[in-house]
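Overview (structure and organization)
Take a look at the letters that make up each chain.
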Amino acid sequence: MNNKRVLISLMFFALLLVVATSCSKKLNPLSSDAFTVNPSPLELVGTKIPVTVTGRIPANWFNKNAVVEVSTVLKYNGTETVGTTQIYQGENVAGNGIVISQKNGGNISLKSEFNYIPEMDKSELYLRFNASIKGKAIALPDVKVADGLSSAAALASVYTTTPALAPDKFQRIIEEAHDADIMFLIQQAQLRSSELNSTNLNAWKDLVSEANKNDRKNLNVEVLAYASPDGGLELNEKLAEQRERNTSAYLEKEFLKKDIDTEVNAKYTAQDWDGFQKLVAASSLQDKDLVLRVLSMYTDPVEREREIKNISVIYKDLAETILPKLRRSRLVANVEIIGKTDEELLKAVNSNNLNDLSLEELLYAANLASDSQKAQIYTLASTKFPNDYRAVNNLGSLSFKSGDLSKAKTYFEKAKQLNGQAAEANMNLGLIALADGDVSKAEQLLGNASSANTINEALGLLFMKKGDYAAAAAAYGEAKTNNAALAQLLSKNYNKSQQTLNALPSKDATSHYISALLAARTNNTSGVVSALKQATTLDSNFAKKALNDTDFSKFLNNSDIKNMLK
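Residues numbered from 1 in each chain as written. Predicted model: local features only at pLDDT ≥ 70, side-chain atom pairs only at ≥ 80, totals over all residues. Heavy atoms only, no water.

Here we look at the sheet that holds strand 15 (residues 328-338)
Threshold: Two strands pair under a simple rule: DSSP has to find at least two bridges between them. Runs of H or I in DSSP of at least four residues are treated as helices and runs of E of at least two as strands, each being numbered from the N terminus. The axes used here are C-alpha line fits, helices contributing only the stretch in contact, and every angle between their N-to-C directions lies in the interval 0 to 180 degrees. Here, residues are in contact when the closest pair of their heavy atoms is within 4.5 Å.
An order of 12-15-13-14 is seen for the four strands of this open sheet, with the pairing classed as mixed. Every interior strand has two partners, whereas the edge strands, strand 12 (173-183) and strand 14 (263-269), have only one. The sheet shows a mean angle of 20° between the axes of neighbouring strands, direction not considered. Where helix 4 (residues 233-257) meets the sheet, its contacts fall on strand 12, strand 13 (217-226), strand 14 and strand 15, and the angle it forms with strand 13 comes to roughly 150°.

So this is what it looks like as structure tokens:
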């Protein structure tokens, strides 16, 4: 009996031990070898650091009563940013997590995207496991799964992007045509005093006289005499010719009295079918389409006149409203207005004698001036012509180039208030949005700026910030800028990137750093050494960046590079 009791007690103890062991099974730390990271090392894409971590929970690791929250954690500069979190749970847990079999294990996958800041250049990626079994926390260490970041894309700079200047409309020579009509009675060529004393003709003669005396205007005059299409070709030929002679003779006398010395070109048109067709098309005649159809069907003047006269009802209206307007001599004064030369405009700028310049002259003169003079000219133009957005926008461009983006933004916003559709103001505000990290707003603004003169540079930068490097390289085209070379590098067009770098009009520290990156990606050790030396000489901050940049990790054992980056 005692032996039986002992046996029962032992069996009961063994059962309790099994149950207790099953319930309190610990979750052991996992090895980094169980996980794969893509990309590894991490890579900055546009303004984000995207990463996908996949792995396998081994068999017999996951407790049936466990809940494990797995998070990606980017650690850098003594701080961290938590990315995606995914909940996994054992088979006995009621919840919405992904179930992991204790016997077979299971797969895990986390896709994260971190917003880049420069402090992340030296960073490490970890997996964090917040675990519990039946509500009791289980301490598990973070597991390091990736080390380092390729941050070449961070070199894309809004500060080196050319803001859009609103263009002037200055024309060195402006051509104008001013006309006046002398009307005639039907089948007559005599000049009537009522026509010669008309307000319109007198104003035209005054204009001709002024142009003739103005040293900045070139003048020539045309006399175009016409007869209406009715009356037959032979009669109209003589009539139009006589009207031209009478008009030319009159002008010669008038020009002689006013001491106007200009060329007069005269010609006549016997039957003004073109003028007839235009007047009919623009009229409100009830059956004008019928007349226009006749004109299109017949090209012979005699047939045209006969067929139109056959439309008796319409012809009466034509005779009263259309044909009288074609019996005329048209006087045309062709005036060329010669604008100020570059020398004259520069003289006005240098002598601070700008008040007499027009808006277009001011905007054009700014192109000839120094940067300090540009600001003065644009300020004057914005004051004299406060409703025009261009001078205000261009003041913003000057501030942008000097690095004062806050002041530039104020100008650009004012320019957009003056003209909401102005391509230049929209583009420049798009650059400000990119500087602020607001890619979505920038894309909207640049969509309204297709005609801005530097839109391709802005679009190239936008695509860079979106991580679409092929589109960025296409937008930059043949531009010779750091950003263009970087886009070509990141889209793996290394030959094109090298060509762009070679063609840069001037190189700064960033130019040489991009050259070093290009050399690193093409395994050119001597190129890395040479370019990094020039970059760090011009800007010592690039030494620290190079030490942290995984593009250079395999070159850090080179003695020249090691000594350079100390």
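Let's talk about the packing of aromatic side chains
The test is simple: The pairing test for Phe, Tyr and Trp rings, Trp by its six-membered ring, is centres within 6.5 Å, and the orientation test on the planes gives stacked under 30 degrees, edge-to-face over 60, and tilted for anything in between. Any residue under 20% of the maximum accessible area for its type is buried, any over 50% is exposed, and the rest in between are partly exposed; the area is computed with a 1.4 Å probe on protein chains only.
Taken as a whole and judged by the stated rule, the model has six aromatic pairs. Ring centres of phenylalanine 35 and phenylalanine 129 lie 6.3 Å apart, and the angle between their planes is 40°; this geometry places the pair in the tilted category. Highlighted residues: phenylalanine 35 in strand 1 (residues 35-38) and phenylalanine 129 in strand 8 (residues 123-133), separated in sequence by 94 residues. Both residues of the pair, phenylalanine 35 and phenylalanine 129, belong to the buried class. Cluster of aromatic residues (ring-pair linked, three or more members): Tyr513, Phe542 and Phe552.

So, the pairing of strand 7 (residues 106-115)
A regular strand places its side chains on the two faces of the sheet in alternate fashion. A one-sided burial pattern is seen for strand 7, the buried positions being Gly106, Ile108, Leu110, Ser112 and Phe114 and the unburied ones Asn107, Ser109, Lys111, Glu113 and Asn115. Bridge analysis of strand 3 (residues 48-57) against strand 7 gives 10 bridges, and the strand direction is antiparallel. By the bridge assignment for strand 7, threonine 54 is matched with serine 109.

Examining the environment of valine 51
You can see valine 51 is positioned in strand 3. For the pair formed by valine 51 and alanine 546, sequence separation is 495 residues and the distance between their alpha carbons is 22 Å. In contact with valine 51, not counting residues within four places along its chain, are Val37, Asn38, Pro39, Leu42, Leu110, Lys111, Ser112, Phe114 and Leu125.

Quick look at the layout of surface pockets
Using the following cut-off: For each structure, a 1 Å grid was placed over the protein atoms alone; sets of points admitting a 1.4 Å probe that cannot get out are labelled cavities, open sets with protein on both sides within 12 Å along at least five of seven lines are labelled pockets, and lining residues have an atom within 4 Å of a point. Grid points are joined across faces, edges and corners, and a volume is the space filled by probe spheres set on the points. Under the scheme applied here, ten amino acids are nonpolar (Ala, Val, Leu, Ile, Met, Phe, Trp, Tyr, Cys and Pro), four are charged (Asp, Glu, Lys and Arg), and all others, including Gly, are polar.
Computed from the structure, the largest pocket encloses a volume of approximately 920 Å³. Lining the largest pocket are 35 residues, with Tyr116, Ile117, Pro118, Asp121 and Ala154 positioned closest to its centre. Contributing elements (two or more residues each) for the lining of the largest pocket: helix 14 (423-435), helix 18 (482-490) and helix 22 (541-548). The biggest single contributor to the lining of the largest pocket is helix 22, with five residues. Split into classes, the residues belonging to the lining of the largest pocket amount to 14 nonpolar, 12 polar and nine charged.

A closer look at the pattern of salt bridges
Counted only if it meets this: When a carboxyl oxygen of Asp or Glu lies within 4 Å of a side-chain nitrogen of Lys or Arg, that pair is called a salt bridge.
On inspection of all chains with the given rule, the structure shows 25 salt bridges. Between lysine 217 and glutamate 210 there is a salt bridge, and its shortest N-O distance comes to 2.9 Å. With a relative accessible area of 23%, lysine 217 lands in the partly exposed category. Of the residues examined, glutamate 210 reaches a relative accessible area of 36% and is grouped as partly exposed. Because the salt bridges share partners, they merge into one network encompassing Lys75, Glu80, Arg128 and Asp142.

Let's talk about the confidence of the model for the protein chain
Rules: The quantity known as pLDDT measures the predictor's confidence residue by residue, on a range of 0 to 100.
Confidence in the prediction of the protein chain, expressed as mean pLDDT, is 91, and 95% of residues score 70 or more. Between residues 1-24, whose pLDDT stays under 50, and residues either more than four places distant or in other chains, the model counts four contacts.

Re the pairing of strand 4 (residues 66-76)
Extensive coverage of strand 4 is indicated by the burial of eight of its 11 residues. Pairing of strand 4 with strand 8 involves 11 bridges; the strand directions are antiparallel. Of the residues in strand 8, the one forming a bridge with valine 67 is serine 132. Counted along the chain from strand 4 to the antiparallel partner strand 5 (residues 79-89), the turn is two residues long, and its residue asparagine 77 has a positive phi close to 50°.

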